[in-house]
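Listed below are the residues making up each chain.
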Amino acid sequence: EDLRVDGRGCEDYRCAEVETDVVSNTSGSARVKLGHTDILVGVKAEMGTPKLEKPDEGYLEFFVDCSANATPEFEGRGGEELGTEIANTLYRVFSSESSIDLKSLCINPREHCWVLYVDVLLLECGGNLFDAISIAVKAALFNTRIPKVRVLEDEEGSKEIELSDDPYDCIRLNVDDVPCIVTLSKIGYRHVVDATLQEEACSLASLLISVTSKGALTSMKKVGKGSLDPESIFEMMETGKRVGKSLHIALQKILDEEESLGTSRQKVGFLG
Amino acid sequence: MAAITMRLPVARKAVGPSAPRGSEKHLVAPGDTITTDTGYMRGHGTYVDEEKLIASVAGAVERVNKLVCVKALKTRYNGEVGDIVVGRITEVQQKRWKVETNSRLDSVLLLSSMNLPGGELRRRSAEDELAMRDYLQEGDLISAEVQSVFSDGAVSLHTRSLKYGKLGQGVLVQVSPSLVKRQKTHFHDLPCGASVILGNNGFVWIYPTPEQKDEEAGGFTTSLEPVPLSDREVISRLRNCIVALVTQTLMLFDTSILYCYEASLPHQIKDILKPEVMEEIVLETRRRLLDLEG
């Protein structure tokens, strides 16, 4: 009958708060609060050598840190397993060719390219981590500003890289095709989107799908000890695609709204 | 249809107290000096260091004649005899159950403090001990009363009345124990169609009002019939109202929950958790409570 404990329907998200450019010494950052889940993502652009099999592309490196502030289970090395799982999922989601234009990150084929180090910090764990992390990563990539570089060639043939002096002269990334993860948890006979901690404890199996803004599925992963019926997997995929499209629309609207406020925007940060 | 709302964060100002209290509350943090006067006796939450009385918890100072104590705002539940608690069974041991009640130590429910089905009064035998798991298993929720408090602070519970026992279908909300007001009765049948148990330990249980009072069962049988949608809507709305009251740190008692429920009726259930709607409802509730007092 489409009524959950907190009054939401099966396809409703909790109220989300998104803010970008919260960390000053990164190339791009974003903070997302989805109910009690609090995620901070920072993107740093550094120069590196391209990978051997893809000499004319840059690449992304993900690192997830489950801070001990989130829940007591993350004390010491408790959060490492969850961190590597989330990082591997992010690698998988971004492994598709179309999600982000890596060729624009190349400076000199085979020699220099931009490497984007995406660091995710879990500040508070309140259910539905993957969705919140993917929203934060997309917002941080939207906010990333990579300085423009010029390659100067010497008489002997050695190349020099020159960084432009103007701090506002930078390239932005196109995040239109960056996918977002939608987690569908199976509880009883129905499936729900954006499960809280209590709902996650009741669900035996979940399906993580990454959807682009056009509704295309880029990756799928099943988590949990329970089993899923093939028909319910199809239903969940359809729901995920529908929800994913509206998620992208809402996120893009808020990012554009934030952008339009420009420098007059009052930064709330962490002491709001 | 999916409803996804995203917003930019806004610095929230705390909704201040609408009316000045009779006396200014003396708030302290751990390490703050309360007084340097040595004539006072030290109560809970204080300690003496170099002839100064210093607070060990964060809260408000309470002075009763010569006794000074600090009542903490957010603590674990400290058991008092006669309190009603709602707890979850964590372990089944030899002649007792261990119950989790949001206190420093697990509470204990002895087999001899539990009613036998049918209301028999006899000594518990070995068969009763072996059949303990049939009555209460790990993960079950119970309502009970505090019988006594051990010297280490652990609480001993009893369910020696037909109104206590295993809880059936409903919703549990966990709040801070300091927000539950001490009243004559903690079992309320709200006129909106649901019943509420306000446990002194901060566990609030909301459940659909049972049609007839089943006296013979003694609180052991739980009906697993599906709850109708109208009841579930009322329960979800009450749950969101309680969460709103707790977020704005208002004391929980039957009148405040009822006023908050009535103030929230114009909004949709899921909208109650939005910060601005929450502030509006709680402001309205506060106003009505002040009207009631004054």
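Being a predicted model, the structure only gives us computed values, none of them experimental.

**What about the overall build of chain B?**
Of regular secondary structure, chain B possesses five helices and 18 strands. In chain B, which comprises 294 residues, the proportion classed as buried is 44%. If you take every contact in chain B between residues at least 6 apart in sequence, the share linking residues at least 24 apart comes to 63%. A total of about 16,300 Å² of accessible surface is found on chain B, and carbon and sulfur atoms cover 50% of it. Side chains of chain B give 36 positive and 38 negative charges; the mean places of these two sets differ by 4 Å.

**Digging into the side chain of S206(A)**
Residues and elements named next belong to chain A. By the element assignment, S206 lies in strand β13 (residues 205–211). Relative accessible area serves as the criterion here: at 11%, S206 is assigned to the buried category. Aside from chain neighbours lying at most four places away, what touches S206 is T183, L184, S185, K221, K222 and V223.

**Brief notes about the pattern of salt bridges**
Residues and elements named next belong to chain A. This structure, assessed with the given rule, holds 23 salt bridges over all chains. Residue E259 is joined to R172 by a salt bridge in which the shortest nitrogen-to-oxygen separation is 3.1 Å. Here E259, found in helix α4 (residues 230–261), pairs with R172, found in strand β10 (residues 170–172); they are 87 residues apart in sequence, far enough to count as distant. Shared partners join several salt bridges into a network, and the residues in it are R4, D6, R8, R14, D194 and E199.

**Some words on the interface of chain B and chain A**
Residue-level contacts link 23 residues of chain B with 29 residues of chain A. Area buried by chain B at its contact with chain A is led by I4(B), M6(B) and L8(B), which between them contribute 30% of it. Viewed at the interface, chain A and chain B are joined by one salt bridge. For K270(B), the salt bridge goes to D12(A), with nearest N and O atoms at 2.7 Å.

**Digging into the packing of helix α4 (residues 254–264) of chain B against helix α5 (residues 275–293) of chain B**
Residue and element names in this part refer to chain B. Viewed as axis vectors pointing N to C, α4 and α5 meet at an angle of 130°, and their least axial separation amounts to 9 Å. As summarised for this structure, α4 and α5 are arranged oblique, according to the angle between their axes. Crossing angle aside, the handedness with which α4 passes α5 is right-handed. Contact with α4, carried on its side by T255, S256, Y259, C260, E262, A263 and S264, involves I281, E284, T285, R288, L289 and L292 of α5 and no other residues of that element.

**Looking at the packing of aromatic side chains**
Throughout the structure, instances matching the rule amount to three aromatic pairs over all chains. Seen in terms of ring centroids, F62(A) and F94(A) are 5.2 Å apart; in terms of plane orientation they differ by 45°. Their pairing is tilted. Of this pair, F62(A) sits in strand β4 (residues 59–66) while F94(A) is found in the loop between α1 (80–93) and β5 (106–108), placing the two residues 32 residues apart along the sequence. Of the residues examined, F94(A) reaches a relative accessible area of 11% and is grouped as buried. Ring centres of Y164(B) and F187(B) lie 5.9 Å apart, and the angle between their planes is 50°; on these two criteria the pair is classed as tilted. Of this pair, Y164(B) sits in the loop between β13 (155–159) and β14 (165–166) while F187(B) sits in strand β16 (residues 187–189), and the two are 23 residues apart along the sequence.

**Some remarks on a nonpolar patch on the surface**
A contiguous nonpolar surface patch, about 280 Å² in accessible area, is contributed by M41(B), V64(B) and L67(B). Judged by its relative accessible area of 54%, V64(B) is exposed.

**With respect to the sheet that holds strand β11 (residues 180–187) of chain A**
All names here are of chain A. In spatial order, the strands read β12-β11-β13-β14; together these four strands make up an open sheet with antiparallel pairing. Only two strands of the sheet have a single partner each, and these edge strands are β12 (190–193) and β14 (217–223). The mean inter-strand angle of the sheet, taken between neighbouring strand axes irrespective of direction, is 25°. Pairing analysis gives four bridges linking β11 to β12, with the strands arranged antiparallel.

**Some thoughts on the UniProt feature "domain: Exoribonuclease phosphorolytic" (unreviewed entry) in chain A**
Residues annotated in UniProt with the feature "domain: Exoribonuclease phosphorolytic" (unreviewed entry) correspond here to residues 13–147 and 177–242 of chain A. As annotated, residues 13–147 of chain A has a helix share of 21% and a strand share of 38%, and its two end C-alpha atoms lie 36 Å apart.

**Some thoughts on unusual backbone geometry**
All names here are of chain B. Even without a glycine there, the phi angle at N65 is positive, about 50°. Note on N65: relative accessible area 73%, which makes it exposed. The backbone of T249 sits at a positive phi, close to 45°, despite the residue not being glycine.

**Looking at the pairing of β13(A)**
Residues and elements named next belong to chain A. Across the seven residues that make up β13, a large majority, seven, are buried. The side-chain alternation of β13 yields two buried faces, one formed by A205, L207, I209 and V211 and the other by S206, L208 and S210. Two strands pair when backbone bridges link them, and β11 and β13 are joined in this way by seven bridges, in the antiparallel orientation. Following the sheet pairing, C180 is matched in β13 by V211. Where β13 and β14 come together, six bridges link them in antiparallel fashion. Looking across to β14, one finds that V211 is bridged to L217. The loop that links β13 with its antiparallel partner β14 comprises five residues; one of these, G215, has a positive phi angle of about 95°.

**As for the sheet that holds strand β8 (residues 67–72) of chain B**
Residues and elements named next belong to chain B. Spatial ordering of the open sheet is given by β2-β7-β8-β4, a layout of four strands whose pairing is mixed. Strands with a single pairing partner mark the edges of an open sheet, and in this sheet they are β2 (27–28) and β4 (41–42). With six bridges joining them, strand β7 (residues 59–64) and β8 adopt antiparallel strand pairing. Considered in β8, the bridge of G59 is made with A72.

What counts and what doesn't
- Residues numbered from 1 in each chain as written.
- Chains lettered and ligands numbered in written order.
- Predicted model: local features only at pLDDT ≥ 70, side-chain atom pairs only at ≥ 80, totals over all residues.
- Heavy atoms only, no water.
- Helix = DSSP H or I, 4+ residues; strand = E, 2+ residues; numbered from the N terminus.
- Buried < 20%, exposed > 50% of the residue type's maximum accessible area, 1.4 Å probe, protein only.
- Contact = heavy atoms within 4.5 Å.
- Areas by Shrake-Rupley, 256 points an atom, 1.4 Å probe, with all protein chains shown as cover.
- Lys, Arg positive; Asp, Glu negative; His and termini not counted.
- Charge placed at Lys NZ, Arg CZ, Asp CG, Glu CD.
- Salt bridge = Lys/Arg side-chain N within 4 Å of Asp/Glu carboxyl O.
- Buried area = accessible area lost by both parts, 1.4 Å probe.
- Axes fitted to C-alpha atoms, helices over the stretch in contact; angles between N-to-C directions.
- Parallel < 35°, antiparallel > 145°, perpendicular 65-115°, else oblique.
- Left-handed = near helix turned anticlockwise from the far one by under 90°.
- Phe/Tyr/Trp six-rings, centres within 6.5 Å; stacked < 30°, edge-to-face > 60°.
- Patch = residues over 30% accessible without salt bridge, like charges linked within 9 Å, V, L, I, M, F, W, Y side chains within 5 Å.
- Pairing = 2+ DSSP bridges.
- UniProt positions renumbered as here; feature names shortened; annotations may be inferred.

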